[in-house]
Amino acid sequence: MPIATVNPANGETLKTYDALGAEEVERRLATADAAFRTYRTTSFAERARLMRRAADLLEEDARDTARVMTTEMGKPIKQARAEVAKCAKAMRWYADHAEELLADEEAPEPEARDSGASRVLVRYRPLGPVLAVMPWNFPLWQVIRFAAPALMAGNVGLLKHASNVPQTALCLEELFHRAGFPEGCFQTLLIGSGEVEGILRDERVKAATLTGSEPAGRAVASVAGDEVKKTVLELGGSDPYVVMPSADLDRAAKTAVTARVQNTGQSCIAAKRFIVHTDVFDAFAERFTAGMKALKVGDPLDEDTDVGPLSSEQGRDGLAELVDEAVESGATVLCGGERPDRPGWYYPPTVLTDVTPAMRIHREETFGPVATLYRAADLDEAVAIANDSPFGLSSNVWTRDEADIDRFVRDLEAGGVYVNGMTASHPAFPFGGVKRSGYGRELSGHGIREFCNITTVWHGA
């Protein structure tokens with residue numbers, strides 16, 4: 001794939017970039033290695049000062065940065081500005097909390113004495129240069145939620161961003177440079193995916209994090225495993241959205257629309273499979289379908305647009321193929337389902353029902369504004385349908401019955417259960433999945449410790 005900005009609203013190539021040559025990649029690896037040797041000794045106060053300055057600069061540049069994201073991958077402009085604000089919030093949260101999250105942990109005196117020590121503590125030390133392989137769908141947020149904790153922990157970052165968002169990748173490198181981080185603390189590598197293995201195998205790179213597709217995660221995890229290097233993977237999702245009879249149907253249906261089409265449906269944590277108890281199925285389907293039909297599809301730079309183009313022609317065609325195959329196999333279209341005759345890689349908000357396990361759309365992630373509706377006879381069937389997926393990123397449950405809530409929290413196979421609301425990431429709470437959605441956690445104290453050497457310090461009596 002070429003490294004280029006191609007506007008998905010019209011297919012126009014705006015900028016192209018040459019991949020870095022071997023000499024420049026080597027220079028950047030050496031720079032990262034040298035930077036870590038000194039940056040790791042900086043104080044939390046100094047790191048926090050730099051991180052807050054970066055957050056200030058990001059907010060100052062919010063309009064321009066949002067426009068770059070929208071032009072590169074089609075995100076509706078209002079959502080792009082919200083992404084910038086979310087990133088600044090996360091940067092400040094880690095600036096405020098990193099020292100506390102990574103403070104030395106003193107072992108209780110009885111346990112220390114039992115080990116023959118006068119004192120035992122646990123210290124969190126940085127690992128070194130961390131390679132981040134990041135996707136295009138949240139081109140700023142996905143990087144910041146790695147970079148903010150990694151840099152606050154004393155690590156340095158090497159970013160291999162998706163090839164269709166090079167301007168955003170370069171903006172991020174420039175942001176940390178302008179904020180005053182030492183040279184080499186955060187660098188963007190404009191390289192193709194074929195170069196990732198060589199960088200990950202380099203002894204100076206100590207760990208890797210990847211957000212992206214399952215095949216990409218398998219490839220990175222395989223190489224890292226061969227090199228015995230730590231990885232965190234956040235892969236695909238096909239999140240269930242369960243609606244039970246006691247739910248507030250109006251709220252559940254309205255939130256469901258947002259949960260499905262945020263970022264034009266191109267989100268790993270977007271609700272994709274809507275599992276509705278038979279007693280309220282028809283009422284929910286009517287409300288939800290009406291909400292999907294009412295969305296405005298159009299130019300992502302238009303302030304009134306709800307749903308923009310998909311990021312690529314390949315993505316749009318793959319989504320359309322999933323829908324077409326499902327319809328041919330007996331699925332019913334409640335709205336949408338046909339490619340519009342217009343420039344750009346658009347696909348309409350679509351709702352399907354009568355989906356069966358034999359259909360590809362039942363097993364594969366729908367990365368776009370397509371929802372599948374399932375009817376469940378009772379709670380047990382709702383749980384069974386929700387768990388009948390290779391993914392387990394997050395989940396949504398709508399019920400006012402405490403017994404229902406306890407069952408869903410106990411039995412849903414997912415990294416998160418959101419009750420009477422939609423899944424959203426927040427810097428204070430851990431984020432990640434199970435099954436083929438990956439492993440490890442981002443955000444919160446769990447996320448900042450993923451790339452730390454958790455060191456036991458034992459003092460003799």
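Scroll up for the structure.
Below, the structure is looked at part by part. (Residues numbered from 1 in each chain as written. Predicted model: local features only at pLDDT ≥ 70, side-chain atom pairs only at ≥ 80, totals over all residues. Heavy atoms only, no water.)

Brief notes about the overall build of the chain
Now for step 1: A tally of helices and strands in the chain yields 16 helices and 20 strands.
Now for step 2: Computed over the C-alpha atoms, the radius of gyration of the chain is 23 Å, within 12% of the 23 Å expected from 2.2 N^0.38 for a compact globule of 461 residues.
Now for step 3: Principal axes of the C-alpha set define a box for the chain whose edges measure 70 × 60 × 40 Å.
Now for step 4: Across the 461 residues that make up the chain, the buried fraction comes to 56%.
Now for step 5: For the chain, the exposed surface amounts to about 18900 Å²; the carbon and sulfur share of it is 49%.
Now for step 6: In the chain, 51 positive and 68 negative side-chain charges are present, and the distance between their average locations comes to 3 Å. (Helix = DSSP H or I, 4+ residues; strand = E, 2+ residues; numbered from the N terminus. Rg over C-alpha atoms; globule rule 2.2 N^0.38 Å. Buried < 20%, exposed > 50% of the residue type's maximum accessible area, 1.4 Å probe, protein only. Areas by Shrake-Rupley, 256 points an atom, 1.4 Å probe, with all protein chains shown as cover. Lys, Arg positive; Asp, Glu negative; His and termini not counted. Charge placed at Lys NZ, Arg CZ, Asp CG, Glu CD.)

A look at the sheet that holds strand S7 (residues 186-188)
Now for step 1: Taken together, the six strands give an open sheet; going across it, the order is S7-S6-S5-S8-S9-S19, and neighbouring strands pair in mixed fashion. The sheet is open, and its two edges are formed by S7 and strand S19 (438-439), each paired on a single side.
Now for step 2: Note that strand S5 (residues 129-133) and strand S6 (residues 156-160) share five bridges and pair parallel. For Val 133, the partnering residue across the bridge sits in S6 and is Lys 160.
Now for step 3: Each of S6 and S7 touches helix H7 (residues 166-179); the most contacted strand, S7, lies at about 155 degrees to it. (Pairing = 2+ DSSP bridges. Contact = heavy atoms within 4.5 Å. Axes fitted to C-alpha atoms, helices over the stretch in contact; angles between N-to-C directions.)

A short note on the sheet that holds strand S4 (residues 117-126)
Now for step 1: A sheet is described by the order of its strands in space; here three strands give the open sequence S3-S4-S20, paired in antiparallel fashion. Each of the sheet's edge strands pairs with one partner strand only, and the pair in question is strand S3 (105-106) and strand S20 (452-460).
Now for step 2: When S3 meets S4, the two strands line up antiparallel, connected through two bridges. The residue bridging Glu 106 from the neighbouring strand is Leu 121, located in S4.

As for the environment of Ser 238
Now for step 1: Looking at where Ser 238 falls in the secondary structure, it is placed in the loop between strand S9 (230-234) and strand S10 (239-243).
Now for step 2: Judged by its relative accessible area of 5%, Ser 238 is buried.
Now for step 3: Ser 238 sits 130 residues away from Gly 368 along the chain, and the two C-alpha atoms are 12 Å apart.
Now for step 4: Once residues lying within four places of it in the same chain are set aside, the contact partners of Ser 238 are Lys 272, Arg 273, Glu 364, Ser 389 and Phe 391.

As for the packing of aromatic side chains
Now for step 1: Scanning the entire structure with this criterion turns up nine aromatic pairs.
Now for step 2: Note on Trp 93 and Tyr 94: the rings are 4.9 Å apart at their centroids and 90 degrees apart in plane angle, and the pair reads as edge-to-face.
Now for step 3: With relative accessibility at 17%, the residue Trp 93 sits in the buried group.
Now for step 4: Three or more aromatic residues joined by ring pairs make a cluster, and in this case those are Tyr 241, Phe 274, Phe 284, Phe 288 and Trp 398.
Now for step 5: If you follow Lys 75 out to its NZ or CZ, it ends over the ring of Phe 138, 4.1 Å from the centre. (Phe/Tyr/Trp six-rings, centres within 6.5 Å; stacked < 30°, edge-to-face > 60°. Lys NZ or Arg CZ within 6 Å of the ring centre and 35° of its normal.)

Here we look at unusual backbone geometry
Now for step 1: Positive phi outside glycine occurs at Lys 435, with the angle close to 55 degrees.
Now for step 2: A residue is classified by how much of its surface remains accessible, and Lys 435, at 35% relative accessible area, is partly exposed.
Now for step 3: Residue Leu 443 is not a glycine yet carries a positive backbone phi of 65 degrees.
Now for step 4: Among the structural elements, Leu 443 can be located in the loop between S19 and helix H16 (444-449).
Now for step 5: Take Leu 443: its relative accessible area is 1%, and that puts it in the buried class.

Section: the state of the cysteines
Chemically, a disulfide is nothing more than a covalent bond linking the sulfur atoms of two cysteines.
Now for step 1: Summed over the entire model, instances satisfying the criterion amount to zero disulfides.
Now for step 2: In this structure Cys 87 is not part of a disulfide, and its nearest cysteine sulfur, from Cys 171, lies 12 Å away.
Now for step 3: For Cys 87, a relative accessible area of 0% gives the class buried.
Now for step 4: The closest cysteine sulfur to the non-disulfide-bonded Cys 268 is located on Cys 87, 16 Å from its own sulfur.
Now for step 5: Cys 268 sits in the buried class, given a relative accessible area of 9%. (Disulfide = S-S within 2.5 Å.)

Section: helix H1 (residues 22-39)
Now for step 1: Compared with an ideal rise of 1.5 Å per residue, which puts 18 residues at 26 Å, H1 spans 25 Å between its outermost C-alpha atoms and is within 8% of the ideal.
Now for step 2: Every buried residue of H1 is accounted for by Val 25, Arg 28, Leu 29, Thr 31, Ala 32, Asp 33, Ala 35, Phe 36 and Tyr 39. (Expected span 1.5 Å × (residues − 1).)

Some details on the pairing of S9
Now for step 1: A large share of S9 lies buried, amounting to four of its five residues.
Now for step 2: As paired strands, strand S8 (residues 207-211) and S9 are joined by five bridges and run parallel to one another. The partner of Thr 209 across the bridge, within S9, is Val 232.
Now for step 3: Each parallel crossover has a hand, and the one from S8 via helix H9 (residues 214-227) to S9 is right-handed. (Right-handed = clockwise from strand over helix to strand, strands pointing away.)

What about the side chain of Ser 267?
Now for step 1: Structurally, the position occupied by Ser 267 is in the loop between helix H10 (249-261) and strand S11 (271-277).
Now for step 2: Beyond its immediate stretch of four places on either side in the chain, Ser 267 contacts Asn 137, Phe 138, Gln 262, Lys 272, Glu 365 and Phe 367.

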